[in-house]
Structure formats: C-alpha cells, structure tokens
Amino acid sequence: MRVLITNDDGIDSPGLAALARGAVAHGWTTVVAAPARESSGTSAGLTAAEDDRRVQVERRELPGLDGVPAYAVAAHPAFIALVASQGAFGDPPDLVLSGVNRGANVGRAVLHSGTVGAALTAAVNGARALAVSLDVGLDVDVPHHWDTAVAVAATLFDRVAALPAGAVVNLNVPNRAEVGEPERAGLAEFGAVRTRIKDSDDGTIALAAVLVEDDLSPGTDAALLAAGRPTVTPLRSVAEDHDIEF
C-alpha cells in the first residue's frame, strides 16, 4: 500500500508528522507532501503559488521520519492530492491520509475544510482517503493529543484500504489521552464551533469563532464528539443528483 500524507495546517504541523509515523509503523510505503504554509479553510481549491508557471517544491526532513520523502509545496492541499495522483511525488498513492488536523471537521462545514478537501480530491482521482481531525476546541494552549488521534485512525487503516477506490471516510477524535472506539455518525447541520461576523465597517469584515453547545442533534458527529466520543462518517464525493428532474 502506497500512502500519501497531507494536511491543511502546513508541513511543520506536529499532527502531520504523527500521522506519517503511524503510517510507517503500519508497514506502508509513505510519502509526505503538505502545504508550505497553513491552508486551512481552502476546501478543494487548487490555488498554488507559481513562479514562471512552476509550483515551488522544497524537500524537507520531518521528526521521527528518517528516510521518508517529505515535501513542502507552495499550494493548497487539494492541489497536492491532485498532482500526487498524476505522479508528482512518485507512483500515485493507493490511499491518502489527510491530517491530523488541528480542530474538528464536523457537520456540513466539512465542505470548507482543506483537510477534507484533499481527501475528496484524492478520491475523485482514484485513491481511497481518510481525513483525521483532533477536536482541540478554541483553546490553542491546551495539550494536543496527536498520538490519540493516530491510534484511533490506525484502527481504521486496513478497513479504509480495503474500500473501493474513491471511498472517503471522515474521522474526528476528542482531544483526550484515552478515548473509545469510533462510532458511525451522521453529519450535523452545524458544528459546535461556528463562524460569525464580529464586525463589518470601513470596507472590512471581521470574523470570530464561537462555541455553541445547546443545539446539537443527537447521533450526529458534532453531538457525539461533544460527548467525548470519536466519530467516523463516510462521505460521498461530487456526483450527479438523479433525484432532481430538470
């Protein structure tokens, strides 16, 4: 199994290195390619910084990953997944692991996630994909239990690898030292963390993230995660809607 590790938090994210170490420990041939800088919220956008019509790629060394090829790419994660499928970093990957993202990706808001966008892009180009996110909430100063997220993800590795090409699975893990097994969950209409307009004046718009705890539908990914349980949700990629007559 040839695996590409990417993310939207950037090449220096400890969650990226932790997920890559998990893939290596699983015995998979692993390549890392991630944005040179943070690209959160980029969905499946293909933006890349071009110099003379060429995208810059820098070889990097990541902690605990001696001998694992790693590349910092001046592009969004979906672009990386796309060019990886065309052989940019060696043979195209059989599986793409995206994450571990700093912050949950739940509900319909996964549409905007660069982490999930990379997974969806990999899927429409023939790979299987697993997006992995750690629910650290809004307090960035808390300890981040990256290894917990990777340990839960590793229990799904073989199951995802056995899925048909084009399958996408979204995993969210509570930020705790120990958690239970992931539970199948539906997509919430909204997540516990939502974006609101904080101010709009002088030709600018200021956004703020707010925590909402009293409006989470039971059984959804947002509700189960808020209760401290890991969630797993298979996602359907872009497809024709046969139910609409037009």
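The text that follows walks through the structure, step by step, so that each part is easy to find. These numbers come from a predicted model, not from an experiment.

We now examine the overall build of the chain. A tally of regular secondary structure across the chain gives 6 helices and 13 strands. In summary, the chain has a C-alpha radius of gyration of 18 Å against a globular reference of 18 Å for 246 residues, a match within 12%. By its C-alpha atoms, the chain is 50 × 50 × 45 Å across when sized along the principal axes. A buried classification covers 48% of the 246 residues belonging to the chain. Sequence separation of 24 or more characterises 77% of the internal contacts of the chain that already satisfy a separation of 6 or more. By element, 48% of the accessible surface of the chain is carried by carbon and sulfur atoms, the whole surface being about 12,700 Å².

Time to look at unusual backbone geometry. Across the junction of Gly99 and Val100, the peptide omega takes the value -5°, indicating a cis bond. With respect to the helices and strands, the residue Val100 is situated in strand 7 (residues 95-102). Backbone geometry at Ser43 places phi at a positive 55°, although glycine is not the residue there. As for its position among the elements, Ser43 is in the loop between strand 2 (29-35) and strand 3 (50-51).

Attention shifts here to the environment of Asp215. Assignment of secondary structure puts Asp215 in the loop between strand 12 (204-211) and helix 6 (221-226). Distance in space between the C-alpha atoms of Asp215 and Glu189 is 9.8 Å, their sequence separation being 26 residues.

Among all positions in helix 4 (residues 146-154), only Trp146, Thr148, Ala149, Val150, Val152 and Ala153 are buried. Those residues of helix 4 that are buried lie in contact with helix 1 (14-25), strand 7, strand 8 (128-135), helix 5 (157-161) and strand 9 (168-174).

All right, on to the pattern of salt bridges then. One pass over the full model with this rule turns up 2 salt bridges. For the salt bridge of Arg60 with Asp12, the shortest nitrogen-to-oxygen distance reads 2.6 Å. Of this pair, Arg60 sits in strand 5 (residues 57-60) while Asp12 sits in the loop between strand 1 (2-6) and helix 1, and the two are 48 residues apart along the sequence. Take Asp12: its relative accessible area is 57%, and that puts it in the exposed class. For Arg229, the salt bridge identified is with Glu183, shortest N-O distance 2.8 Å. With Arg229 in the loop between helix 6 and strand 13 (231-235) and Glu183 in strand 10 (residues 183-184), the pair connects residues that are 46 residues apart, well separated along the chain. Owing to a relative accessible area of 35%, Arg229 belongs among the partly exposed residues under this scheme. You can call Glu183 partly exposed: its relative accessible area is 29%.

This paragraph deals with the side chain of Thr6. Considering the arrangement of structural elements, one finds Thr6 in strand 1. According to the relative accessible area criterion, Thr6 is buried, its value standing at 0%.

Moving on, we come to the sheet that holds strand 9. Judged by pairing direction, the sheet is mixed, and its 9 strands sit side by side in the order 5-6-2-1-7-8-9-13-10 without closing on themselves. The open sheet has two edge strands, strand 5 and strand 10, and neither has a second partner. Across 5 bridges, the pairing between strand 9 and strand 13 is antiparallel. Paired with Asn172 across the bridge in strand 13 is Thr231.

Calculation rules
Residues numbered from 1 in each chain as written. Predicted model: local features only at pLDDT ≥ 70, side-chain atom pairs only at ≥ 80, totals over all residues. Heavy atoms only, no water. Helix = DSSP H or I, 4+ residues; strand = E, 2+ residues; numbered from the N terminus. Rg over C-alpha atoms; globule rule 2.2 N^0.38 Å. Buried < 20%, exposed > 50% of the residue type's maximum accessible area, 1.4 Å probe, protein only. Contact = heavy atoms within 4.5 Å. Areas by Shrake-Rupley, 256 points an atom, 1.4 Å probe, with all protein chains shown as cover. Salt bridge = Lys/Arg side-chain N within 4 Å of Asp/Glu carboxyl O. Pairing = 2+ DSSP bridges.

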